[in-house]
Amino acid sequence: MSNYQNTSVVLAKRPNGEIQDGDLALKTNDVRAINDGEILIKTLWLSLDPYMRPRMNDAQGYMDPVAIDGVMVGESVGRVVESKSNKYSVGDVVTCYSGWQEYYIAPEDEPMIYKVNPDGVPLQAYLGVAGMPGRTGYCGLTHVGQPKAGETVVVAAASGPVGTVVGQTAKQLGCRAVGIAGGPEKCRYVVEELGFDDCIDYKEGDLLSKLKAACPDGIDVYFENVGGDVTKAVAQLLNKGSRAPICGYVSAYNATDMAGVETPFHIFGALEHPPEHRFFLVTEWQEQHQETTKLLADRVKSGELKYSETVAEGLENAVEAFKGMLKGKNFGKQLVHIAD
Ligand SMILES: NC(=O)c1ccc[n+]([C@@H]2O[C@H](COP(=O)([O-])OP(=O)(O)OC[C@H]3O[C@@H](n4cnc5c(N)ncnc54)[C@H](OP(=O)(O)O)[C@@H]3O)[C@@H](O)[C@H]2O)c1
């Protein structure tokens, strides 16, 4: 046994719709001693991401469901506190899929562990715009959306880490970037701070006519983050030859009957001229992980790539923060701060 006590969040019960009290539970256990070839990582920052909600369901998606009593999946930034590995030393800072817990033992050859060199970039940014969500926005837009200068790019959840990178990348490529977000404060931020050309508050109503006004030449690339009514409005303004990278559709993640959800595939498929669309996973560009991370981190460092974050303090507040994020209570990347 080591000297450490671990606290984790486990899936006690599969939620039916929105997460209820008792679906997720805190658990403590002693941390075992590490074996040769292993490292012990102390979590500093935990990332909360929308994909975690579908992983709580008993349905096979592109990844296995979390097991009952299993630690919730998730990526974190942590520090190596014990090492019996030649690859990692005590003090190394890494990103890894530790799950929602304070300590994580990993074999040194685990593929999704990456050393982080902070170098002027806040550590937690490697979970946000310079991390998985940032790579998702950047790679999904450039490889699947393939925007050209002068085209109009629309993205919802525009103030979140994926949308933030999509819009700022679109601007950099010479496009018109139009965001959709929940509430006037987020919309103002997206235009004034992030530099989008326009941002529409979908909660205010009249989305279609406002989108029409914001996209006078129609929509060439719709980066799909949310689905539902937003997609239905966007679908009416898509130009011939448009592209729609399907990244996710968070509006449906709390659905009680996923099979009954009208997905973006249904909405686009019913159009006379559907956009070129496909679902993608950020891991399609895994071999470019380091290069894309560096590109985004350099933009964070230079101040060129802007972002915001919402921080919950301690694992005991992670569940409420996660529930809030699925309803847009977060403003920017939702994180849990666990240790310094
Ligand atoms: N394919 C991949 O590899 C991959 C990887 C990472 C993320 N993703 C997907 O990318 C999307 C964005 O992720 P993120 O981490 O950047 O999330 P995020 O923006 O930090 O959080 C989710 C946001 O979704 C918005 N939202 C919630 N319910 C909505 C509804 N009914 N209609 C419209 N908007 C709604 C809320 O923003 P507002 O307040 O603005 O509504 C909320 O803040 C998600 O769909 C996620 O699953 C996919």
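Just so it is clear, the model here is predicted, and its values are computed rather than measured.

This part covers the site of the ligand. Of all residues adjacent to the ligand, which total 26 residues, the nearest are Lys186, Tyr202, Asn225, Tyr253 and Asn330. Here an oxygen atom of the ligand sits 3.5 Å away from a polar atom, N or O, in the main chain of Pro161. A distance of 2.9 Å separates a nitrogen atom of the ligand from a polar backbone atom of Cys247. Notes on the ligand: free accessible area 920 Å², of which the protein chains cover 93%. At the level of elements, α1 (132-145) and α2 (161-172) are the ones that each hand at least two residues to the shell around the ligand. Residue assignment places the shell around the ligand across two domains, with domain 1 (5-128 + 307-337) and domain 2 (132-283) each supplying three or more.

Once that is clear, we can look at the state of the cysteines. Inspection of the entire model under this criterion finds zero disulfides. No disulfide involves Cys139; its sulfur sits 11 Å from that of Cys247, the nearest cysteine. Between Cys199, a cysteine without a disulfide, and Cys187, which holds the nearest cysteine sulfur, the sulfur-to-sulfur distance is 3.5 Å.

With that out of the way, let us pick up the packing of aromatic side chains. Applying the stated criterion across every chain, the model contains seven aromatic pairs. Aromatic side chains Tyr189 and Phe331 sit 5.2 Å apart centroid to centroid with 80° between the ring planes, which places their arrangement in the edge-to-face category. A residue pair is termed long-range when its members are at least 10 positions apart, and Tyr189 in helix α3 (residues 184-192) and Phe331 in the loop between α8 (318-325) and β15 (333-337) qualify at 142 residues. Here Tyr189 falls in the buried class, since its relative accessible area comes to 13%. Members of the aromatic cluster, joined through ring pairs, are Phe223, Phe280 and Trp285.

Moving on: the domain arrangement of the protein chain. Annotation of the protein chain at the domain level lists domain 1 (5-128 + 307-337) and domain 2 (132-283). Placing a centre on the C-alpha atoms of domain 1 and another on those of domain 2 gives a separation of 28 Å. Counting from both sides, the interface comprises 26 residues of domain 1 and, opposite them, 21 residues of domain 2. Together, the buried faces of domain 1 and domain 2 total about 1,700 Å²; carbon and sulfur atoms form 61% of this surface. Where domain 1 meets domain 2, there are zero salt bridges. Linking domain 1 to domain 2 there are six residue pairs in polar contact (both at pLDDT 80 or more). Its residues assigned to classes, the side of domain 1 that touches domain 2 comprises twelve nonpolar, eight polar and six charged.

Once that is clear, we can look at the sheet that holds strand β8 (residues 152-156). The strands making up a sheet are joined through hydrogen bonds of the backbone, oriented either antiparallel or parallel. One open sheet holds the six strands; their spatial order is β10-β9-β8-β11-β12-β13, and the pairing between them is parallel. Looking at strand neighbours, the two that pair on one side only are β10 (198-201) and β13 (276-279), the edges of this open sheet. Strand-to-strand twist in this sheet, taken as the mean axis angle between neighbours without regard to direction, amounts to 15°. Pairing between strand β12 (residues 238-246) and β13: four bridges, direction parallel. Counterpart to Pro245 in the pairing with β13 is Arg278. On top of the sheet, α2 reaches β8, β9 (176-181) and β11 (219-223); it is set at about 170° to β8, its chief contact. Set on the sheet, helix α5 (residues 228-235) makes contact with β8, β9, β11 and β12; between it and β11 the angle comes to about 165°.

What counts, and where the lines are drawn
Residues numbered from 1 in each chain as written. Predicted model: local features only at pLDDT ≥ 70, side-chain atom pairs only at ≥ 80, totals over all residues. Heavy atoms only, no water. Near = heavy atom within 4 Å. Polar contact = N/O pair within 3.5 Å; in protein donor to acceptor, adjacent residues only side chain to side chain. Areas by Shrake-Rupley, 256 points an atom, 1.4 Å probe, with all protein chains shown as cover. Helix = DSSP H or I, 4+ residues; strand = E, 2+ residues; numbered from the N terminus. Domains from an automatic or database assignment. Disulfide = S-S within 2.5 Å. Phe/Tyr/Trp six-rings, centres within 6.5 Å; stacked < 30°, edge-to-face > 60°. Buried < 20%, exposed > 50% of the residue type's maximum accessible area, 1.4 Å probe, protein only. Contact = heavy atoms within 4.5 Å. Buried area = accessible area lost by both parts, 1.4 Å probe. Salt bridge = Lys/Arg side-chain N within 4 Å of Asp/Glu carboxyl O. Nonpolar A, V, L, I, M, F, W, Y, C, P; charged D, E, K, R; others polar. Pairing = 2+ DSSP bridges. Axes fitted to C-alpha atoms, helices over the stretch in contact; angles between N-to-C directions.

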